[in-house]
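# Residue-level structure breakdown
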Amino acid sequence: MTTKVITYGTFDMFHEGHRRLLERARELGDHLTVGVTSEDYDATRGKLNVTEGLMQRIEGVRRSGLADEIIVEEYEGQKIHDVQSRDIDVFAIGSDWQGKFDYLSPYCQVIYLERTKGISSTDLRAVRNGTIRIGVVGSGRIASRFVPESRFVSGVSADVVYSPNAEHAQAFADAHELDRACATFDELLDASDAVYIASPHGRHVEQVREAIASGRHVLCEKPLALTAAEATELFAAAQAADVVLMEALKTAYAPGFRRMLAVAQGGSIGRVVSIDATFTKLLSPGREHDAPDGGAITELASYALLPFVKLFGTQPSEVRATSLRPSDAAVEVFSRIDLRYPGGIGTAKVGIGAKAEGDLVVAGTEGYLYVPAPWWLTDYFELRFEDPGRRERYYVKFAGGGLRYEIGEFASVIRSGGTTSYMLRPEESIALAGMIEDSRTNGRVFGLG
Ligand code: CTP
């Protein structure tokens, strides 16, 4: 009787550790099946920056001559299905997964093989590509989320921080176990290959300018700029200096949102004619409520306007904001931005001082897409039609806080030698800045209580 063995892995840059694992797995039986993860599966489970494509990784496994059969692992839960449908006797995997696959033991023997010390795809990637040192500018809420997320992306390291408030910078460096807090922005630039800018909105433009001028790649928190002219200038500067400039608008890089866009663009709901996107987040008193560059629009409109630039394009025919501003506040706390395009209409609602349902509806001539709150962290959406019984449901994993996707894309654009990402193109970031500018300068503001 044949003893069938199965093992799985990414097998990026097929190395000695992989070969020894497969050799030992093969010795456990007479027939070895090797599952190689698909790109989509790796992305959805948050494993980013895999260097080789699926075909190349399969080729690496094939060339080892150790696999009798190679299959593609495409989704979570596939292992349990494969083990049963393929009559597998032994499931073998490296000891880094100790205990993680015990759930397969009712169906087959589960064996953890000792991992070969001193080699991994992660190390090879770091050696081959060099680690990208990202300096963090700012020590607030979003910067605090960035550092832990960056650790999920191989080949990047965030080791230094700069904030004008030295005490905050030091506390941030201590909390996140960074190498050091820099005393000046220049010192941070010196210690970095790239910078992540998470300072208050009003400082973005000058800091991005300076970082580009010193030849650093830049990932800048949204909104990159508060005017289209400034955003245009920054992308032109990045292009001229041959460095990457990307706006850190996490939704744009997340697999679920991109999948939703693909479904909308694929014609399943007919022609898209209307979009309604709402994003509210109650913020306690602070800079967002008091500073001249604060308010619901600068804080949140980048998200709510993103589906518009993605599905309707970068040239709205009209942008009209109506906002509410409490009598004692410097800025608006709730805004509704009505948009008109040659082929569609829609409304983006944002609030930092009022709470509403944060969902997204993309209406088409044959049906609509419904993304429940929080749609900007898309992990689930539905296709709905006239017939209420007809629904298609999509689930896409959204790992951690989601910043790892934008960091992964940033690193991969740097490595590929490009200057921009197709996931959020310069003209789209410029359009977002222009829409924010229009909403703030031409909007109607009404007093609130
Ligand atoms: N493996 C091993 N010894 C190594 C590296 C990997 O035995 N030094 C095993 C893993 O335990 C797994 C299989 O090889 O069973 C495929 O692992 P994979 O995750 O593709 O390789 P890694 O080198 O661990 O990749 P990464 O660094 O990206 O996690």
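For the structure given in this document, a descriptive report is provided here.

Definitions and cut-offs
- Residues numbered from 1 in each chain as written.
- Predicted model: local features only at pLDDT ≥ 70, side-chain atom pairs only at ≥ 80, totals over all residues.
- Heavy atoms only, no water.
- Helix = DSSP H or I, 4+ residues; strand = E, 2+ residues; numbered from the N terminus.
- Rg over C-alpha atoms; globule rule 2.2 N^0.38 Å.
- Buried < 20%, exposed > 50% of the residue type's maximum accessible area, 1.4 Å probe, protein only.
- Pairing = 2+ DSSP bridges.
- Axes fitted to C-alpha atoms, helices over the stretch in contact; angles between N-to-C directions.
- Contact = heavy atoms within 4.5 Å.
- Phe/Tyr/Trp six-rings, centres within 6.5 Å; stacked < 30°, edge-to-face > 60°.
- Near = heavy atom within 4 Å.
- Polar contact = N/O pair within 3.5 Å; in protein donor to acceptor, adjacent residues only side chain to side chain.
- Areas by Shrake-Rupley, 256 points an atom, 1.4 Å probe, with all protein chains shown as cover.
- Nonpolar A, V, L, I, M, F, W, Y, C, P; charged D, E, K, R; others polar.
- Salt bridge = Lys/Arg side-chain N within 4 Å of Asp/Glu carboxyl O.
- Core = buried A, V, L, I, M, F, W, Y, C linked by side-chain atoms within 4.5 Å.

## A look at the overall build of the protein chain
- Along its length, the protein chain carries 16 helices and 20 strands.
- For the protein chain, whose C-alpha radius of gyration is 24 Å, the value lies close to the compact-globule estimate of 22 Å for 449 residues.
- Taken over the C-alpha atoms alone, the protein chain extends approximately 80 × 60 × 40 Å along its principal axes.
- Sorting the 449 residues of the protein chain into buried and exposed places 53% on the buried side.

## Re the sheet that holds strand β13 (residues 318-326)
- Taken in spatial order, the nine strands of this open sheet run β19-β18-β17-β16-β12-β15-β14-β13-β20, and their pairing is mixed. Across the chains shown, the open sheet's two edge strands, defined by having one partner strand only, are β19 (391-395) and β20 (444-448). Averaged over all adjacent pairs, the angle separating strand axes in this sheet is 10°, with direction ignored.
- Of the strand pairs in this sheet, strand β16 (residues 360-364) and strand β17 (residues 368-371) are connected by four bridges, and their pairing is antiparallel. Looking at β17, one finds that Val361 is bridged to Tyr370.
- Across the sheet, helix α14 (residues 296-311) is in contact with β12 (272-280), β13, β14 (334-341), β15 (344-351) and β16; its angle to β15 comes to roughly 155°.
- Sheet contacts for helix α16 (residues 426-442): β13, β14 and β20; angle to β13, the most-contacted strand, approximately 55°.

## A short note on the packing of aromatic side chains
- One pass over the structure, following the stated rule, counts 17 aromatic pairs.
- An angle of 10° between the planes, with centres 3.6 Å apart, marks the rings of Phe279 and Trp376 as stacked. Within this pair, whereas Phe279 is found in strand β12, its partner Trp376 is found in the loop between β17 and β18 (380-384), the two being separated by 97 residues in sequence.
- Given the relative accessible area of 5%, Phe279 is considered buried.

## Description of the site of the ligand
- Lys47, Asp96, Ile119, Ser121 and Thr122 are the nearest of the 18 residues found near the ligand.
- One of the side-chain nitrogen or oxygen atoms of His18 is found 2.9 Å away from an oxygen atom of the ligand.
- Here the ligand loses 93% of its free accessible area of 570 Å² to cover by the protein chains.
- Mapped by element, the contributors of at least two residues to the shell around the ligand are α1 (16-27), β4 (90-94) and α5 (121-129).
- Each residue belonging to the shell around the ligand can be placed in one class, and the counts come to four nonpolar, ten polar and four charged.

## Some thoughts on the pattern of salt bridges
- In total, this model carries 23 salt bridges according to the counting rule given.
- Residues Asp68 and Arg26 are paired through a salt bridge, measuring 3.6 Å at the closest nitrogen-oxygen approach. Separated by 42 residues along the polypeptide, Asp68 in the loop between α3 (54-64) and β3 (69-73) and Arg26 in helix α1 bring together distant segments of the chain.
- Overall, Asp68 belongs to the partly exposed group, its relative accessible area being 40%.
- Arg26 gets classed as partly exposed once you look at its relative accessible area, which sits at 32%.
- One salt bridge in this structure joins Arg340 and Glu318, with 3.7 Å as the shortest N-O distance. Of this pair, Arg340 sits in strand β14 while Glu318 is found in strand β13, placing the two residues 22 residues apart along the sequence.
- Overall, the relative accessible area of 39% leaves Arg340 in the partly exposed class.

## Considerations on the nonpolar core
- By size, the foremost hydrophobic cluster in this structure holds 85 residues, and its most contacted members are Ile134, Val136, Phe146, Met260, Leu305, Leu339 and Leu369.
- When residues in this core are grouped by element, the largest group, eleven residues, is from α14.
- Aside from chain neighbours lying at most four places away, what touches Ile134 is Phe146, Val156, Ser157, Ala158, Asp159, Val160, Ser192, Ala194, Val195, Tyr196, Ile407 and Phe410.
- In this structure, Val195, Val208, Ala225 and Ala231 belong to the second largest nonpolar core, which totals 25 residues.

## A look at the environment of Val445
- Counting through the fold element by element, Val445 comes out in strand β20.
- Put simply, Val445 and His201 are 244 residues apart on the chain and 21 Å apart in space, counted from C-alpha to C-alpha.
- Those residues in contact with Val445 that lie beyond four places of it in its chain are Ser323 and Arg325.

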